[in-house]
Amino acid sequence: MINEKFLNNWLKILNYNNKINESLEIDEITEKITIPFTPIDVNALLIYNFFKYLYPEIINDQQNVLDIIISNDKEKILDTILYETKEPGVPISYEKLNTNIIKSRKFSTENLEESFFNVQKRVLKKKELRISHIRIFKEEFIEILNKYLKKSDDLSFHEFFISLLEIIDKSIREKLFFISPKPNLLSFLEDFLQFFNNFHLSTIFELLFRNISKDNYVIIFYSRAFSFIVKLNIKSTKKVKNCIKIFNPRDLEIEFDKLDKHEILKKVNMKFKNNLIYLIEQGQILRILNELFEFEFPIQKEKLNLFLQKLLFQFRSFQSNWYRHPPPKMYRAFYRFLIRLLGFNYNLKKISHWAIPELLYKSDLIFGMNSKIVLILYNLNPEKDPEKKNNVVILLETENNAVTNIYYPSIDTLEEKNTKISIKTIRNELSTEYGYINIVIKIDKFLIDLIIQNFIFKFTKFQLFSKLKTIRAIKNEKYLSMYPEMPIYKFIKKSNSLKIFKTILPILIDKHEF
Amino acid sequence: MTKVDSKKPLVVVMKGDTPQECLINGLDKLGGISKFIKKDDVVFLKTTLRLPFGFPNNSNIDLVDKIILECKKAEVKKIFIGAYSSLDFSTKSIDLILGLSSYFENKGVEFVNLDERYELVSNDIKIDENEYSNEKIKDLRNQIPELILNVDKIILINQINIHPLFMCDLSLLNLYSILPPKFQKINYTHNFKEIVQNNQYIKDLVLKIIDLYSIVKPTLVINDIFYALEKAGPFIYKDSKLKKNNILIVGNDALATDIITLKSLGFDIEKNPLILECKKQAVNPNNFDDIKCYGEDLDELDLNLIPCYSNLDQIRAQNITIHSGEYCSGCYHKAYELLNFIKTLLPKDLKYLKECSLLIGLNPPEPMNKKNILLFGECAKIATQNYDFHKVSKIKGFRKKKEIQVQNKAIFKIDGCPPSLKDSFCKIYDYFGKKNLPELNLIYKLLDSLDISKYNK
């Protein structure tokens, strides 16, 4: 059964939830408990608030839940635990029910909706309690979780995230747990992992982690009802407990209710010096995430366009939806004015959130509405980084503006010296098997990292030279080559880096008068 | 294999899961590829190659591959493939962007650079005087590349999309693009009013298409409506929708195949100017009953494609107000293309244009706003000569302020009857400037980097 330490912690959480629900003095609760599935200790009140404000937004916003543990062959019901919730999302009691409460013949993970309906009826009859959803775990899931929980205390920040994502990945792919009614988050993850069959959640995290600047961050997730502060020290290779700390504003003796956001940032800065402090509106993040989870696969470009518009709008909403201390220099009028004198309009408050996604439509013109594009993610310096020797070949097939299929063809080794001829041959070879290939793009991981670093993570910094360096890398066939060559690629190759930057910038940034 | 032997033109409407499957079954119904292609034939595959962009701007290459395979099975001597583009792109520049020649070379097929390698038939070539009694047709014949005239068989692979003048892209229209772009164009230099009133443009275009059809007749015609653009076309525009119909139409006669295609797509053939003129000139097949149609039942198909906007106002390009008078199909066609391309390629620039009035045709209504007036075509230029917007009042003087009438400089004129798309973009770029048109500026730079001018004669 489940790890004893985890269970004890879980019971403690329920106990505190119950106490808080019974309107005990909140200030009296000072004890630290561990966030489930993580080694991070926080104040019990914070966990209560997570359940109260986040669980209903992401999983289910109704009361009472039943956990069911089933055998790996799905034939037997091993355990049933009922959690009563007075407020949606906040469990306050733990009651093991007799497994006979569920009739095996009326329970099947193949027909979850009907099973849920039957279980709901049975629980209502026996316990006079209406459950809003069921969570079903296979025995194997518990075993994997136990293995992870055993070592979780000793993991570093990086290892912790990778392990957690691997568990999620495996559990979803191998259908080790179910929730009914299915929340959008779960549907999204299932579809995403099924669609991007060879991709792993941990790979995406790796890509981002590799490129994020290893500073100390403090992130304030702000909302009127419940704010919390996360302190991240991702540079550290220490245990997770030391890398991530989560605080209630009360822990820092800051009353958020009485302060405006600039004052909050200043106060938090006084507590955590030498840190980059971000304040993000929780509501905006949840809105974006909920939009993302509502995506259906294959994703239609029109929906993606709308989503990107909303995402970019968040980026440009500095000092309305997100704040930073110290504020990025690029947002200072004088600094911007100086850069404008040099001929660059780099006003991030005017990021063209509506025009940038429109570029997606232009890709329809080049590649067509039905197309096949081959991407070769190539690592040019395997000696330097022996772990990442593998080249990934992805064939994206689109139909009517949506990626409908992803294939992972195998190709013979790329010739490093004569890449152009080599990718031309690859195009012809793959066309025999998959039909007409519109384009083969070979891109080095080094360039991907450079683009993520300089154009995404460092988007608040002007840093002309690092941006020009990225453009120079794009021009270098060692890092990027394609066949046939797209007009934009030809333009980049033939033009001076500064000219490219000056030509493209007015499309990415709206006009702004000082 | 269905044995088919008939003097009537044969057309098969084939349904299937893939275009390739439809093609094979369609050919089977027509008696197999050997009915059309013989051993050691030299074959020219005329495809749709409108722009250096992807499908369905151009033909479905997977379908073309299947045809190539079939031709090879018939042991042909040589296969050529090619076409001229619809706009001012040379075949070479299209090839550079799409990488077609190396692709087809790998399949043992020659992608023909019609602009460079194959010269036009010289005027002194011997023409059978009896064959071409009409001088106009003789001239037209001289404009067709020699290669196309010399091959044994022509197979037409036509990607069907919606079309502003002919309901949809008919195979006869596709055949028209065996003429170099400069000969495809129809321009007028005088009598603009009469041209508008008689709707001369479409009449002349239709006559030219039919004349060309009398010279070159494809052996096999494939109208690919498996996927087709509706609502806006024939190029991919912002408003275009790709409809999957799962149908391919194959025939041994271009006109017959077009009639069946129009019927399949739910269009009224009696309203199609090309079909009407063919009927008038008694080009066979003269009516629907003269065609032997196999495969799907046309009455049950129900494919109805959404037609193009018939009114320019419906295109709704932001910040551009259309003031239209009486205009002909030439101006409508070019303005339709211009507005759709602006809407598709320059969404950002449109926001910066401020209020812009596009005046088109004879006697367009006078715009309220006297700024940014675009006079589209010769007829609009002539018809608005006496309009008030040519003068604007200006206050002059420091002490004694005086209102005077001066020439309105916020007017720009696009010449030509009908104006060309290239000139229209150039005029817009010159008038608004690169700062207001960052996207058009980028497009021009992309075109420069392609050295298109080097390949465009």
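Residues numbered from 1 in each chain as written. Chains lettered and ligands numbered in written order. Predicted model: local features only at pLDDT ≥ 70, side-chain atom pairs only at ≥ 80, totals over all residues. Heavy atoms only, no water.

(A) Local environment of the nonpolar core. Counting residues in each nonpolar core, the largest one holds 161 residues, and the members touching the most others are Leu 45, Phe 104, Ile 155, Phe 166, Ile 222 and Ile 320 of chain B. Here this core spans two domains, since at least three of its residues come from each of domain 1 (10-117 + 152-178 + 216-301) and domain 2 (312-455) of chain B. Those residues in contact with Phe 166 of chain B, other than ones at most four positions away along the chain, are Leu 173, Ile 202, Leu 205, Val 206, Ile 209, Leu 262, Asn 272, Pro 273 and Leu 274 of chain B. Membership of the second largest hydrophobic core comes to 109 residues, among which are Ile 47, Ile 179, Leu 232 and Ile 439 of chain A. (Core = buried A, V, L, I, M, F, W, Y, C linked by side-chain atoms within 4.5 Å. Buried < 20%, exposed > 50% of the residue type's maximum accessible area, 1.4 Å probe, protein only. Domains from an automatic or database assignment. Contact = heavy atoms within 4.5 Å.)

(B) Fine view of the interface of chain A and chain B. Each partner contributes to the interface: chain A provides 39 residues, whereas chain B provides 40 residues. Interface area for chain A against chain B, summed over the two sides, is near 3500 Å², with a carbon-plus-sulfur share of 60%. When the buried surface of chain A facing chain B is broken down by residue, Leu 365, Met 369 and Tyr 436 of chain A rank first, second and third, together holding 20% of it. Here chain A is connected to chain B by five salt bridges. Two residues, Glu 358 of chain A and Lys 238 of chain B, come together in a salt bridge whose shortest N-O distance is 3.1 Å. Connecting chain A to chain B are 20 residue pairs in polar contact (both at pLDDT 80 or more). Broken down by secondary-structure element, the contributors of at least two residues to the side of chain A that touches chain B are helix 13 (359-367), helix 14 (419-434), helix 17 (487-494) and helix 18 (497-508) of chain A. (Buried area = accessible area lost by both parts, 1.4 Å probe. Salt bridge = Lys/Arg side-chain N within 4 Å of Asp/Glu carboxyl O. Polar contact = N/O pair within 3.5 Å; in protein donor to acceptor, adjacent residues only side chain to side chain. Helix = DSSP H or I, 4+ residues; strand = E, 2+ residues; numbered from the N terminus.)

(C) Region of interest: the sheet that holds strand 10 (residues 244-247) of chain A. Residues and elements named next belong to chain A. Reading across the sheet, the five strands line up as 10-9-8-11-12 and stay open at both edges, with mixed pairing between neighbours. Two strands bound the open sheet, and with one partner strand each, they are strand 10 and strand 12 (322-325). Adjacent strand axes in the sheet meet at a mean angle of 15° when their direction is disregarded. The pairing of strand 8 (residues 216-222) with strand 11 (residues 276-281) spans six bridges and is classified as parallel. Considered in strand 11, the bridge of Val 218 is made with Ile 277. (Pairing = 2+ DSSP bridges. Axes fitted to C-alpha atoms, helices over the stretch in contact; angles between N-to-C directions.)

(D) Fine view of the pairing of strand 6 (residues 133-138) of chain A. All names here are of chain A. For strand 6, the tally of buried residues reaches six of six residues, placing the bulk of the element in the interior. Of the two faces of strand 6, the one holding His 133, Arg 135 and Phe 137 and the one holding Ile 134, Ile 136 and Lys 138 are both buried throughout. Where strand 3 (residues 65-70) lies against strand 6, six bridges are found, and the strand directions are parallel. From the neighbouring strand, Val 65 faces strand 6, where its bridge partner is His 133. Summarising the sheet, strand 6 and strand 7 (residues 177-180) pair through four bridges and their orientation is antiparallel.

(E) Broad picture of the side chain of Thr 47 of chain B. Residue and element names in this part refer to chain B. Residue position: Thr 47 is located in strand 2 (residues 42-47). When its relative accessible area of 6% is taken as the criterion, Thr 47 is described as buried. What Thr 47 contacts, discounting residues up to four positions off in sequence, is Ser 59, Val 64, Ile 81, Gly 82, Ala 83, Ile 157 and Asn 174.

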